Amino acid sequence: MDISELRDQIDQIDEELVTLFCKRMAVSAQISAYKKQRNLPIYVPARERQILAEVGEKAGPELANYSKVLYSLIFELSRSYQSKLNNTSSELHDTIRKAIDTTPNLFPQSPMVACQGVEGAYSQIACEKVFKNPSILYFKNFDGVFNAIEQGLCQYGILPIENSTAGSVKKVYDLMIRHNFSIVRTFRMKVDHNLLVNPGTKLCDIKEIYSHEQAINQCSEYLKKFPGVRIIPLENTAVASSMVAQSGRNDVAALSSRACAQLYDLECLDASVQDKGNNRTRFICISKNLEVYPGSDKTSIMMVLNHKPGALYKVLARLFVLGINVTKLESRPIPDRDFEFMFYFDLETSIYSEEYVQLMCELHDLCEEFKYLGSYTEVV
């Protein structure tokens, strides 16, 4: 038997599978109507476990796991279809609809904004690109920015969340678990690190280099040129520049922005010393209140999943069914819980799409806990 004959057999089997799948979904629709009429839950875990056990037994040892994966996906398809037919709303969806209706059409121009660091920090540069005329209040650490939003000291906050070279800013992700906020916009900014010194300093004079740990990671190859030099991490690149200027020393340097050179009267010995030329940092703009501006096409959520095999797969399967692209997936340990993690998702979907509405109505069925962080647009 040649390959063409085998493919003909596969085509015939696939035709039967499609017919049977459509019949199954039609019966699923009838079950959906029955459950809606009697106010019964769509998800019945005991029933699904029973079917998976029977399917695995019928398939035999060699194909048991394969058949269970197939039927797990079929169950996700069925539940999603039933939710769509039931047109089930949720408190979260109603809250989002209200935010869409009450959020102004134009993004604010001159608000009070919280940033970490001091004048010249990359967060400040990002802030002035997001807003036209912001008033900026500086805080020593990221926690201070979150607190300023929660306490109403500032209307918005700007925080770095990931870098194309050094990866995620894990401190910010950890704080996101603890604080209440909404993401209203994100911004990607090209970041150039420069070696800044007091006037008259030469490369051979340098004994210490200060910067933020992310900037140090982003310039790791360049820093190999300085064997024996102490690399000292600080809370901010602009703070590093300020320390160099205030020290008056000619044996210290800072990795920082070119803006800090002008701001603190420093000289640039080497420009753009980051390992990769296309070095970009993504910043989030957060607020205390939920604001969803017109045209928002990205959504961020956080989930606590069951600590069981396949828990994450089921979430990803549902997103796949809905045709929603996952652009970021990050996991962070939950404080005071043993081996439990919070999963952070960035999703690509318009707030006006049918898939977005359906997901917002189904989130509570996908996990133990979830936190809707907001829907927004991203500025590049």
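Provided above is the structure to which this section pertains.
It should be emphasised that the depicted structure is a prediction, and the values quoted were computed from it without experimental measurement. (Residues numbered from 1 in each chain as written. Predicted model: local features only at pLDDT ≥ 70, side-chain atom pairs only at ≥ 80, totals over all residues. Heavy atoms only, no water.)

A. Structural detail: the environment of Ile149. Relative to the helices and strands, Ile149 is located in helix 6 (residues 142–150). Judged by its relative accessible area of 0%, Ile149 is buried. Spatially, the C-alpha atom of Ile149 lies 7.8 Å from that of Ile286, the residues being 137 residues apart in sequence. In this structure Ile149 touches Cys154, Gln155, Tyr156, Gly157, Ile286, Ser287 and Lys288, once residues within four positions along its chain are discounted. (Helix = DSSP H or I, 4+ residues; strand = E, 2+ residues; numbered from the N terminus. Buried < 20%, exposed > 50% of the residue type's maximum accessible area, 1.4 Å probe, protein only. Contact = heavy atoms within 4.5 Å.)

B. Structural view of the pattern of salt bridges. This model, assessed by the stated rule, comprises 23 salt bridges. Residue Lys84 pairs with Glu354 through a salt bridge whose shortest N-O separation is 3.1 Å. Residue Lys84 is found in helix 3 (residues 64–86), and its partner Glu354 is found in helix 13 (residues 354–366); the two are separated by 270 residues along the sequence. Look at Lys84 and you get partly exposed, because its relative accessible area is 44%. The shortest N-O distance in the salt bridge between Lys328 and Glu330 comes to 3.4 Å. For the pair Lys328 and Glu330, a shared accessibility class is recorded, and that class is buried. (Salt bridge = Lys/Arg side-chain N within 4 Å of Asp/Glu carboxyl O.)

C. Seen up close, the nonpolar core. Ranked by internal contacts, the top residues of the largest apolar core, which has 27 residues, are Phe146, Leu159, Met176, Ile183, Ile286 and Tyr344. Looking at this core, the elements with two or more residues in it are helix 6, strand 3 (156–163), helix 7 (170–178), strand 11 (280–287), strand 12 (298–304), strand 14 (341–348) and strand 15 (369–379). Here Tyr344 is in contact with Ile161, Tyr173, Met176, Ile183, Arg282, Ser300, Ile301, Met302, Lys328, Leu329, Glu330 and Leu373, once residues within four sequence places are set aside. Core analysis: the second largest hydrophobic core is formed by 24 residues, Leu92, Ala311, Leu322 and Phe343 among them. (Core = buried A, V, L, I, M, F, W, Y, C linked by side-chain atoms within 4.5 Å.)

D. Layout of the environment of Tyr376. Within the secondary structure, Tyr376 is located in strand 15. Measuring from C-alpha to C-alpha, the distance between Tyr376 and Pro294 comes to 8.4 Å, with 82 residues separating the pair along the chain. In contact with Tyr376, other than residues within four places in its own chain, are Ile183, Val184, Arg185, Thr186, Arg282, Ser296, Asp297, Lys298, Thr299, Ser300 and Asp346. Side-chain polar atoms of Tyr376 contact the side chain of Ser300, separated by 2.7 Å. (Polar contact = N/O pair within 3.5 Å; in protein donor to acceptor, adjacent residues only side chain to side chain.)

E. Molecular detail of a nonpolar patch on the surface. Taken together, the side chains of Met1, Ile3 and Leu6 present a nonpolar region at the surface, about 330 Å² in accessible area. Within the fold, Leu6 resides in helix 1 (residues 3–38). (Patch = residues over 30% accessible without salt bridge, like charges linked within 9 Å, V, L, I, M, F, W, Y side chains within 5 Å. Areas by Shrake-Rupley, 256 points an atom, 1.4 Å probe, with all protein chains shown as cover.)

F. Geometry of the packing of helix 2 (residues 45–59) against helix 3. Viewed as axis vectors pointing N to C, helix 2 and helix 3 meet at an angle of 145°, and their least axial separation amounts to 8 Å. The crossing of helix 2 and helix 3 is right-handed. Residues Glu48, Ile51, Leu52, Val55, Gly56 and Ala59 of helix 2 form the contact with helix 3, whose participating residues are Ala64, Ser67, Lys68, Tyr71, Ser72, Phe75 and Arg79. The residue makeup of the contact of helix 2 with helix 3, split by class, is 7 nonpolar, 3 polar and 3 charged. (Axes fitted to C-alpha atoms, helices over the stretch in contact; angles between N-to-C directions. Left-handed = near helix turned anticlockwise from the far one by under 90°. Nonpolar A, V, L, I, M, F, W, Y, C, P; charged D, E, K, R; others polar.)

G. Seen up close, unusual backbone geometry. Positive phi, normally seen in glycine, also occurs at Asn39, with a value near 55°. Residues other than glycine seldom take positive phi values, yet Asp265 does so here, at roughly 55°. Looking at where Asp265 falls in the secondary structure, it is placed in the loop between helix 11 (258–263) and strand 10 (267–270).

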